[in-house]
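Below, each chain spelled out in residue letters.
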Amino acid sequence: MCSSDLAAAQRGDTQTARTQFANLRKLLPKVPFGTFVQLPVLVHSSQPGAKATLNGVDIGVTPCVARIVPAAHNEILLTLPRFVPARIEWAKDTATDVSVRLTLQHDGEAEIGATVDQPVAMGADGAAYGVDRNGSIFALDLASRATRWRHETGDTAGYLSPPIAHDRALLTASLDGAARSLDRTTGKVQWQTDGLATESAPALADGQLGIATADGQLVLLDAATGAIRQRTKLSARPAGDLLVTDSAWIVPLQNGTVEARQRSNLGVLWQAKATEMGQALALAGGQLAALREDGRVSVHNLATGALIWHRDLAGSAVGHLACDARSVLVTLDDRLVLLEIGRAHV
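Residues numbered from 1 in each chain as written. Predicted model: local features only at pLDDT ≥ 70, side-chain atom pairs only at ≥ 80, totals over all residues. Heavy atoms only, no water.

Chemist: It is not clear to me how the pairing of strand 4 (residues 64-68) should be interpreted in this structure. Could you clarify?
Modeler: Sheet faces and side chains relate simply in a regular strand, where the side chains alternate between the two faces. Most of strand 4 sits out of view: four of its five residues are buried. In this structure, strand 1 (residues 39-45) lies alongside strand 4, joined through five bridges in antiparallel fashion. Bridged to P40 within strand 4 is R67. (Buried < 20%, exposed > 50% of the residue type's maximum accessible area, 1.4 Å probe, protein only. Helix = DSSP H or I, 4+ residues; strand = E, 2+ residues; numbered from the N terminus. Pairing = 2+ DSSP bridges.)

Spelled out as structure tokens, the structure:
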């Protein structure tokens, strides 16, 4: 199609053509315009540049104009490397513009053999590291999809934390109480420290693995040796994953509060009042974002915990917050809400 056709379609002339076609059919109902008139339709794709064919004939790349005969069979095929081919068919006597959402094609898949319900860690060594519900820790070669190694922990409580890749080691914690370091190359246990049961993901900072234990302690381990360097009692048991910032360890608690403990000595830096913050926490643009179950989103100063702003959104909170340097993405029931951190505008 020529560029003038595309420009005309983008100006809205496809609708004009359809209107004129409808008028012709009303004016001369016995003339089978639908069998020979070619109507222009605009074809968009979510990723531009997809090759488009109409009934097997190349018509260019998206966005482009296709000319279809309403009473005939009309099928467009969109192809783009690394995306699943998409087919569009028009019902007879219809000719509407289309916008197609292309689906990214996966590059490969591997059988794990058990349920994986925790995030995996990606290594620069071409491997993915994960844990499964059977109590195994494993390394998967991303090129071959083959399992490099698998370590059976024997843990039966049902929770292994998301693994953390650190230097040549892989660090995990568990509800059974064992914190472990495994060699990333061989899967052999380098150290194991028991008695630290947790249902919360740990965090790593300055070569120390922080664990918020199920009995309400914050414990710091030397990531190289597993030796306990510091520990302190929290005001309640943890209710979510541990976060770490430049100055603090931050943990939501089951009494509805959130505590920030100093990185240096685990002293209380600040403590939010019960229900002041939600217990789904995330770091966002140098600030702390929180989500309550009732849909309240709030952003707080990392150093003091002071409220910067909050928004009450209709609906129930689902899942975790997703954040970048400028925005907070909230999942509420069946919709997503994007908030700008600096202005709190939807």
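Okay, back to it.
Chemist: What is the right way to look at the side chain of T53 in this model?
Modeler: Among the secondary structure elements, T53 is positioned in strand 2 (residues 51-54). You can call T53 buried: its relative accessible area is 15%.

Chemist: Whenever I open this one, the packing of aromatic side chains confuses me. Can you help?
Modeler: What describes a pair of aromatic rings is the distance from one ring centre to the other and the angle between the planes of the rings. Applying the stated criterion across every chain, the model contains one aromatic pair. For the ring pair Y129 and W149, a centre distance of 6.3 Å and an interplane angle of 40° mean the geometry is tilted. Note that Y129 is positioned in strand 9 (residues 127-131) and W149 in strand 11 (residues 147-152), a separation of 20 residues in sequence. Across the pair, exposure class does not vary: Y129 and W149 are buried alike. (Phe/Tyr/Trp six-rings, centres within 6.5 Å; stacked < 30°, edge-to-face > 60°.)

Chemist: Honestly, the sheet that holds strand 27 (residues 307-312) in this entry has me stumped. Any pointers?
Modeler: Sheet strands pair by backbone hydrogen bonding; their relative direction is either parallel or antiparallel. In spatial order, the strands read 24-25-26-27; together these four strands make up an open sheet with antiparallel pairing. Of all the strands in the sheet, the pair left with one neighbour each is strand 24 (280-284) and strand 27. The sheet shows a mean angle of 20° between the axes of neighbouring strands, taken without regard to direction. In this structure, strand 26 (residues 296-300) lies alongside strand 27, joined through five bridges in antiparallel fashion. Paired with V297 across the two strands is R311, which belongs to strand 27. (Axes fitted to C-alpha atoms, helices over the stretch in contact; angles between N-to-C directions.)

Chemist: I'm lost on the environment of L283 in this one. Help?
Modeler: Locating L283 in the fold gives a position in strand 24. Between the alpha carbons of L283 and T232 there is a distance of 23 Å; along the sequence they are 51 residues apart. Every residue in contact with L283, bar those within four places of it in the chain, is listed here: L243, V244, T245, L288, L302 and C323. (Contact = heavy atoms within 4.5 Å.)

Chemist: Before we go on, may I ask you to explain the sheet that holds strand 11 in this structure?
Modeler: Taken in spatial order, the four strands line up as 8-9-10-11 in an open sheet, and their pairing is antiparallel. Either end of the sheet is taken by a strand with one partner, and the two such strands are strand 8 (121-122) and strand 11.

Chemist: Help me understand unusual backbone geometry in this model?
Modeler: Negative phi characterises most residues that are not glycine, and trans characterises most peptide bonds. For the bond running from T62 to P63, omega is -5°, close enough to zero to count as cis. Along the chain, the position of P63 falls in the loop between strand 3 (57-61) and strand 4. The phi angle at N55 is positive, at roughly 50°, despite the residue not being glycine. Of note, N55 is situated in the loop between strand 2 and strand 3. Positive phi values are uncommon outside glycine, yet R82 reaches one of about 75°.

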